[in-house]
Amino acid sequence: MNVLVINAGSSSLKYQLYDMTTENVLAKGRVERIGMDSSILTHEVDRQPEVREVSEILDHTTAIKKVLDMLTHRKFGVLGSIQDIKAVGHRVVHGGESFSESVLIDQSVKLEIRKLFDLAPLHNPAHMMGISAVEDNLPDVPQAVVFDTAFHQTMPPSSYLYAIPTVLYRKHKIRRYGFHGTSYDYVSKRSAEFLGRSLSELKLVICHIGNGASCAAILNGKSFDTSMGMTPLEGLMMGTRSGDLDPAIVPFTINKEDLTLNEANSMLNKHSGLLAISGISSDMREVVEAMNEGNANAKLAFEMYAYRIRKYIGAYAAAMNGLDAIVFTAGVGENSDVLRKEVCKGLTFLGIRLEEARNAIRSSESRRITTDDSQVSVLVVPTNEELLIARDTYRLVIEQPEAASISQ
Ligand SMILES: Nc1ncnc2c1ncn2[C@@H]1O[C@H](COP(=O)(O)OP(=O)(O)O)[C@@H](O)[C@H]1O
Ligand SMILES: CC(=O)OP(=O)(O)O
Ligand SMILES: [Mg+2]
């Protein structure tokens, strides 16, 4: 059975097509610059050279249509017909308190996702566009949603409540939700396998450092705390997001700079982080390159970024009263040995001994980057959110075939 996994962003859409009998990826790709001039579709089949098509793609419905055309393309396609797609699974960043697990999509699920637009303004509206675009192109195919927040629903109230009047939690559900949960779920299990230990006895800090970045304390296999909050803005410094700051800065700046609420939100989500401090880029590769060329702002941005991660690792080791392993994952975490080294250099008090040669190895496999006698292990474990989304989607469709057939 073939399952198509979609991760829709506001101007991009990533896809992977799985054959669930083998869990092989038949094809994958992304559409970028949706709604802008010259959109780009990049499509890849079984490590063959990528196919790039530049055209005008004005909305997500057209983007999905282009993806389906590519999947059934005479030369680059892998399917005889789009009828061969039996289910579609979507990543949805915010599921609020309504969803602690993945579900098949129906009208009420769509309504709930819409209600959460305010809480994940960069993500949920885009996911909804992806869901509608699949409905337009594949009206009879069941769809499932897998939430970034679901895995964190195990956090205790002492982790998820903010110290503000509790009426705000009761009325508006203002609390910490946490994100990247699908990644934490996958990476925590893989880490336990790698360490050859039971997840139920491990104290892990996982650092999901991608475009969006967060850390989580995973205690006995469950999320105990995480750095992102009610929205994906809190916590670590990110590509364009500020992460933690004194909340008083927001009204102060609005007042001094005569900003609207939208402008303040946009400043913190889109014009802060690595981009703001380096003045160069939100992409860690470009920041490191500039730092190596002697740019002082890039160096400061890099050091601040690493310092925040180190502070969270220390805090979570204290929160769990111990630590077995630190795990790096996602785009920056998996690929940037310099960043991992910078984070770990301040953690020798925990008995961490990084082995430089291991840290420098480039690989897509899980690996240990500390010495064999390091008290706490540091691992690099590549995440695979798409595989978990495909598995959940497949399971839901198999378990509830009647619901799947009337899900829309
Ligand atoms: N070799 C590398 N060194 C440093 N950063 C990298 C490297 N390769 C990728 N990245 C970073 O990974 C980020 C993307 O991470 P990813 O987890 O794919 O993010 P997202 O899923 O949020 O788009 C990019 O912004 C880039 O900065
Ligand atoms: C929740 C979040 O920040 O997601 P991403 O890393 O994909 O931006
Ligand atoms: Mg991501």
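All chains use their own residue numbering, which begins from 1 and follows the written sequence. Each chain gets a letter, beginning with A, and each ligand a number, beginning with 1, in the order they are written. Thresholds applied to this predicted model are a pLDDT of at least 70 for local features of residues and 80 or more for the giving and counting of side-chain atom pairs; totals over whole chains, interfaces and linings are not thresholded and use all residues. The side-chain quantities take in all heavy atoms of the structure and omit both hydrogens and water.

A. Looking closely at the confidence of the model for the protein. One number per residue, pLDDT, summarises how confident the predictor is, and it ranges from 0 to 100. The share of residues in the protein with pLDDT of 70 or more is 99%, and the mean pLDDT across the chain is 95. Across the interfaces of the predicted complex, the ipTM metric reaches 0.97, alongside a pTM of 0.94.

B. Molecular detail of the state of the cysteines. Note on terminology: disulfide denotes any pair of cysteine sulfur atoms within 2.5 Å. Within this structure, the stated rule accounts for zero disulfides. No disulfide involves cysteine 215; its sulfur sits 3.8 Å from that of cysteine 207, the nearest cysteine. Owing to a relative accessible area of 0%, cysteine 215 belongs among the buried residues under this scheme. With no disulfide of its own, cysteine 344 lies 8.4 Å from the sulfur of cysteine 207, the closest cysteine sulfur. Each residue is placed in one exposure class: buried if its accessible area under a 1.4 Å probe, protein chains only, is under 20% of its type's maximum, exposed if it is over 50%, and partly exposed if it falls in between.

C. Fine view of the site of ligand 2. Each residue is tested against the molecule or strand, and it is near if at least one of its non-hydrogen atoms lies within 4 Å. For ligand 2, the full set of nearby residues is Arg91, Val93, His123, Asp148, Phe179, His180, Gly212, Met228, Pro232 and Arg241. Any N or O atom pair separated by 3.5 Å or less is treated as a polar contact, with the protein-specific requirement of one donor-capable and one acceptor-capable atom, and with residues adjacent in sequence counted only for side-chain atom pairs. In the environment of ligand 2, an oxygen atom lies 2.8 Å from a nitrogen or oxygen atom belonging to the side chain of arginine 91. A distance of 3.2 Å separates an oxygen atom of ligand 2 from a polar backbone atom of glycine 212. Note on areas: these come from Shrake-Rupley sampling with a 1.4 Å probe, and a residue is covered only by the protein chains present in the view. Summarising the interface, the protein chains cover 85% of the accessible area of ligand 2, which totals 260 Å² for the free molecule. Asp, Glu, Lys and Arg are counted as charged, while Ala, Val, Leu, Ile, Met, Phe, Trp, Tyr, Cys and Pro are counted as nonpolar; the rest, among them Gly, fall into the polar class. Across the shell around ligand 2, the residue classes break down as four nonpolar, three polar and three charged. Among the domains, domain 1 (2–147) and domain 2 (197–385) are the pair contributing at least three residues each to the shell around ligand 2. Domains are outlined according to an automatic or database domain assignment.

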